[in-house]
Amino acid sequence: PLISLFALYKISIPLIAVVTDLATVHRIWFNSSVHRLIVPTETNKALALESGVPEEKILLAGIPVHPQISLEERSDREIRQSLGWDPNLRTILAVGSKRVKGMQAALNIVNHVGALIPLQLAVVCGKDEELYNELHQIEWHVPTHIYNFVTNMPELMRAADLMICKAGGLIVTESLASGLPLLLIDVIPGQETGNMEYVVDHHAGAWIQDEISMLEALAHLSLNDGQLMKDWAAAARKIGRPQAAMQVAELALDLMLAKPVERKAIG
């Protein structure tokens, strides 16, 4: 619609499209008339080329995330200390609401596994008042920090060792950019399936399909001083792209300062 509007009124404004899922993407995003198409992975680039987008219009940059993720220089222990968390405990961050299938079951398992494995838990409820209030009624066996809504998610991610969440494109991308391995507890068929497969295929996390697989994952991650978790974190850092927002901003600035885009009026 924007392309048609610009052509109809002879408006010379560069149009940048940013794809925000890692693998499975609807072809409507791949329009050859955009000035630039930002894609997060080689898989998306291949799909764009198959859909007729010229290669010179495609920029492989990742999904833009908060710049604070790359600007944070403190260690995870320093950040935990500033947040009032135990700086020495392995930390699990869970993000979601009651709409995220399996969230409460996953938290219940973490709570009871934590009675045997030293860890602490932080939960962000995303303004879900019902979940927030219910979590405060639980008898926690591990140090637990419950938040209704936060504005410092990059800080929490850099303080954590493991993320529990759904397979949404942005939360997955933010986690990878933070070097944070993932346990994905909810996957919407379609676009989120690709996000889950991308994480699993690159050994940066696991898909948790039931309570048994959650229990198994936590057990495996705790063995050998958490070596598997460290391996997943290294894999996350390898595929994470914390500088994507900077690249997209620089591209937008370059296009703004360049010669106006030539467009022919319709009719």
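Please refer to the structure higher up on the page.
Per-chain numbering applies: the sequence of each chain, read as written, is numbered from 1 onward. Only residues with pLDDT of 70 or above have their local features reported here, since the model is predicted, and side-chain atom pairs are shown and tallied only from 80 upward, although totals for entire chains, interfaces and linings are computed over all residues. The basis for the side-chain values is all heavy atoms of the structure; hydrogens and waters are excluded.

Comments concerning the overall build of the chain
Working step 1: A run of DSSP states H or I qualifies as a helix once it reaches four residues; a run of E qualifies as a strand once it reaches two. Both are numbered from the N-terminal end. If you tally the helices and strands in the chain, you get 12 helices and 9 strands.
Working step 2: The principal-axis extents of the C-alpha atoms in the chain amount to approximately 70 × 35 × 35 Å.
Working step 3: Across the chain, every contact between residues at least 6 apart in sequence was considered, and the portion connecting residues at least 24 apart equals 59%.
Working step 4: Total accessible area computed for the chain in this model is approximately 13700 Å², and 55% of it derives from carbon and sulfur atoms.
Working step 5: For the purpose of charge, His is not counted, nor are the chain termini; Lys and Arg are scored as positive and Asp and Glu as negative. To locate a charge, take atom NZ for lysine, CZ for arginine, CG for aspartate or CD for glutamate. Taken as two groups, the 22 positive and 30 negative side-chain charges of the chain have centres that lie 9 Å from each other. Residues count as neighbours in contact if any of their non-hydrogen atoms are within 4.5 Å of one another. Every accessible area reported is derived by Shrake-Rupley at a probe size of 1.4 Å, with residue values counting cover from the shown protein chains alone.

Focus on the side chain of Asp 186
Working step 1: Considering the arrangement of structural elements, one finds Asp 186 in strand E8 (residues 182–186).
Working step 2: Ignoring sequence-local partners within four residues, the contact set of Asp 186 consists of Arg 99, Val 100, Lys 101, Cys 165, Lys 166, Ala 167 and Glu 192.

Describing unusual backbone geometry
Working step 1: We note that Asn 224 has phi near 50 degrees; this positive angle belongs to a residue other than glycine.
Working step 2: Tracing the sequence through the fold places Asn 224 in the loop between helix H10 (211–222) and helix H11 (227–239).
Working step 3: At Asp 225, a residue that is not glycine, the phi angle is positive and equals roughly 55 degrees.
Working step 4: If you trace the backbone, Asp 225 turns up in the loop between H10 and H11.

Observations concerning the sheet that holds strand E1 (residues 16–18)
Working step 1: When DSSP finds two or more bridges between a pair of strands, those strands are recorded as paired. In spatial order, the strands read E1-E2-E3; together these 3 strands make up an open sheet with parallel pairing. Every interior strand has two partners, whereas the edge strands, E1 and strand E3 (58–60), have only one. Across the sheet, the mean angle separating the axes of adjacent strands is 20 degrees when strand polarity is ignored.
Working step 2: Taken together, the 3 bridges between E1 and strand E2 (residues 36–39) define a ladder with parallel strand orientation. Within E2, the position partnered with Ala 17 by the bridge is Leu 37.
Working step 3: Helix H2 (residues 42–50) contacts E2 and E3 of the sheet and is inclined by roughly 170 degrees relative to E3.
Working step 4: Note on geometry: axes are C-alpha line fits, over the in-contact stretch for helices, and angles between N-to-C directions span 0 to 180 degrees. Its contacts with the sheet place helix H12 (residues 244–257) against E1, E2 and E3, and it is angled at close to 175 degrees to E2.

Remarks on the pattern of salt bridges
Working step 1: The rule for a salt bridge is simple: a side-chain nitrogen of Lys or Arg has to be within 4 Å of a carboxyl oxygen of Asp or Glu. Within this structure, the stated rule accounts for 10 salt bridges.
Working step 2: Close ionic contact of Arg 90 with Asp 225 constitutes a salt bridge, the shortest N to O distance being 3.8 Å. Note that Arg 90 is positioned in the loop between helix H4 (76–83) and strand E4 (91–95) and Asp 225 in the loop between H10 and H11, a separation of 135 residues in sequence.
Working step 3: Accessibility here uses a 1.4 Å probe with only protein chains present; expressed as a share of the type maximum, an area under 20% marks a residue as buried, one over 50% as exposed, and anything in between as partly exposed. Relative accessible area serves as the criterion here: at 25%, Arg 90 is assigned to the partly exposed category.
Working step 4: In this structure, Lys 98 engages Glu 134 in a salt bridge whose closest nitrogen and oxygen atoms are separated by 2.9 Å. Placement of the pair is Lys 98 in the loop between E4 and helix H5 (103–113) and Glu 134 in helix H6 (residues 129–135), with a sequence separation of 36 residues.

Examining the environment of Pro 64
Working step 1: Topologically, Pro 64 is positioned in the loop between E3 and helix H3 (68–71).
Working step 2: For the pair formed by Pro 64 and Ile 38, sequence separation is 26 residues and the distance between their alpha carbons is 9.6 Å.
Working step 3: Every residue in contact with Pro 64, bar those within four places of it in the chain, is listed here: Val 18, Ala 244, Ala 245 and Val 248.

A closer look at H11
Helical geometry: 3.6 residues make up each α-helical turn, so side chains three or four residues apart lie on a common side.
Working step 1: Here H11 contains 13 residues, and its C-alpha end-to-end distance of 19 Å stays within 8% of the 18 Å for a straight helix at 1.5 Å per residue.
Working step 2: Taken together, the buried positions of H11 are Met 229, Trp 232, Ala 233, Ala 235, Ala 236 and Ile 239. All buried residues of H11 project into a common sector of 160 degrees when viewed along the axis, lining one side. Those residues of H11 that are exposed and aimed more than 90 degrees away from the buried face are Arg 237 and Lys 238.
Working step 3: Tucked into the core, H11 has its buried residues touching strand E7 (162–166), helix H8 (169–177), E8, helix H9 (191–201), strand E9 (205–207) and H10. Expected span of a helix, by definition, is 1.5 Å for each gap between consecutive residues, and there is one gap fewer than residues. Taken from the helix axis, the directions to the C-beta atoms give the arc we talk about.

Quick look at the packing of aromatic side chains
Working step 1: Planes of paired rings set the category: under 30 degrees apart is stacked, over 60 is edge-to-face and the rest tilted, where pairs are Phe, Tyr or Trp rings (Trp by its six-membered ring) whose centres lie within 6.5 Å. For the structure on display, the rule yields 0 aromatic pairs.
Working step 2: Lysine and arginine charges are scored as sitting over a ring when NZ or CZ, respectively, is within 6 Å of the ring centre and within 35 degrees of the ring normal. Over the face of the ring belonging to Phe 149 we find Lys 127, whose NZ or CZ atom lies 4.7 Å from the ring centre.

Section: a nonpolar patch on the surface
Working step 1: There is a patch of nonpolar side chains on the surface, built from Leu 2, Leu 5, Leu 8 and Tyr 9 and spanning about 400 Å² of accessible area.
Working step 2: Within the element layout of this structure, Leu 8 appears in helix H1 (residues 2–9).
Working step 3: Owing to a relative accessible area of 45%, Leu 8 belongs among the partly exposed residues under this scheme. Patch criteria: residues need more than 30% relative accessible area and no salt bridge. Like-charged residues are merged within 9 Å; nonpolar side chains of Val, Leu, Ile, Met, Phe, Trp and Tyr are merged within 5 Å.

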